[in-house]
Amino acid sequence: MELKERQSRLARALAERAQPPELELLPGGRLSAREALEVYRLGYVARLSDALAETFAACLRLLGRERFYAACADYIAAHRSESYNLSDYGERFGELLDARERGCGELARFEWEFKRLFHLAAPRPAPPESLAAAGPSASFSFITASGLLRHEHRVYRFWSRKCERLEPGPERVALVKRGLEIVAYELGEPEFALLESLRGGATIAEALVSVPGLDEPTVARAFGFLGESSIIKEVL
């Protein structure tokens, strides 16, 4: 039996809490094969649960330990770990949490995006003078280590402990990696929509006419954000 097939059968045995006869386990000590597999399975679930708790710490705070770890067990039963790195585990955890607590799935997706951006390479933004020289026909490429997030609940404010409960939104947040840190910016809807349009490839002139509700202060705030946040990679 090839190693890959043996690994696949072991993964199935862990998920199904059963020992296929063809797995040919050789337990140590006085344990039976089934007992040895159960010890390994419990350790497997515990390590993956701890990895989820580390990534989704705010979800743990929202749900409490009992409900959170029950959700972990359900997720682990449905989703195998596909990577040697435990921090890669949990990309779809938010889908399961959507049904557990209002807004919890959104919170999980925010935490996953924050972790993803944190592990990207430090960006090299465009120099300030190139932004200052951009005319109406200019467009922008945004740094990879950034995200524009729409929420129906105030997940960033709960995550950052600015509020004790997960409250209804809406909420608009930009995440930007600056050096070794992720910086979050809370934005209003008009400037957020303007940034979305620019990120989608619109020129400055196109974005200004396509987004409703823009006024001079809003445009000033949006372009001030572009300079302050270092989110622009290149002026095109």
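Details of the structure are given in the entry above.
As a starting point, this report considers the structure included with it. (Residues numbered from 1 in each chain as written. Predicted model: local features only at pLDDT ≥ 70, side-chain atom pairs only at ≥ 80, totals over all residues. Heavy atoms only, no water.)

### Remarks on the sheet that holds strand β3 (residues 168-178)
What the three strands build is an open sheet, ordered β2-β3-β4; its pairing is antiparallel. Every other strand in the sheet has two partners, leaving β2 (146-153) and β4 (181-187) as the edge strands with one partner each. Ignoring which end each strand starts from, the neighbouring axes of this sheet average 25° apart. Pairing of β2 with β3, which is carried by seven bridges, proceeds in the antiparallel orientation. Bridge pairing in β3 links L149 to V173. Strands β2, β3 and β4 of the sheet are contacted by helix α6 (residues 104-118), whose axis makes an angle of about 170° with β2. Along the sheet, helix α11 (residues 216-229) contacts β3 and β4; its crossing angle with β3, the most-contacted strand, is approximately 35°. (Pairing = 2+ DSSP bridges. Helix = DSSP H or I, 4+ residues; strand = E, 2+ residues; numbered from the N terminus. Axes fitted to C-alpha atoms, helices over the stretch in contact; angles between N-to-C directions. Contact = heavy atoms within 4.5 Å.)

### A few points about the environment of L48
Position of L48 among the secondary structure elements: in helix α2 (residues 33-55). Linking L48 and C72, residues 24 residues apart in sequence, is a C-alpha distance of 8.1 Å. Leaving out residues up to four positions away in the same chain, L48 has contacts with I76, S81, L86 and Y89.

### Considering the nonpolar core
Counting 34 residues, the largest nonpolar core has L52, F68, F93 and L97 as its most contacted members. Of all the secondary-structure elements, those providing two or more residues to this core are α2, α3 (57-63), α4 (65-78), α5 (93-97), α6, α8 (155-159) and β3. In contact with L52, other than residues within four places in its own chain, are F68, C72, Y75, I76, Y89, G90 and F93. Within the second largest apolar cluster, 24 residues are counted, among which are A126, I143, Y185 and V211. (Core = buried A, V, L, I, M, F, W, Y, C linked by side-chain atoms within 4.5 Å. Buried < 20%, exposed > 50% of the residue type's maximum accessible area, 1.4 Å probe, protein only.)

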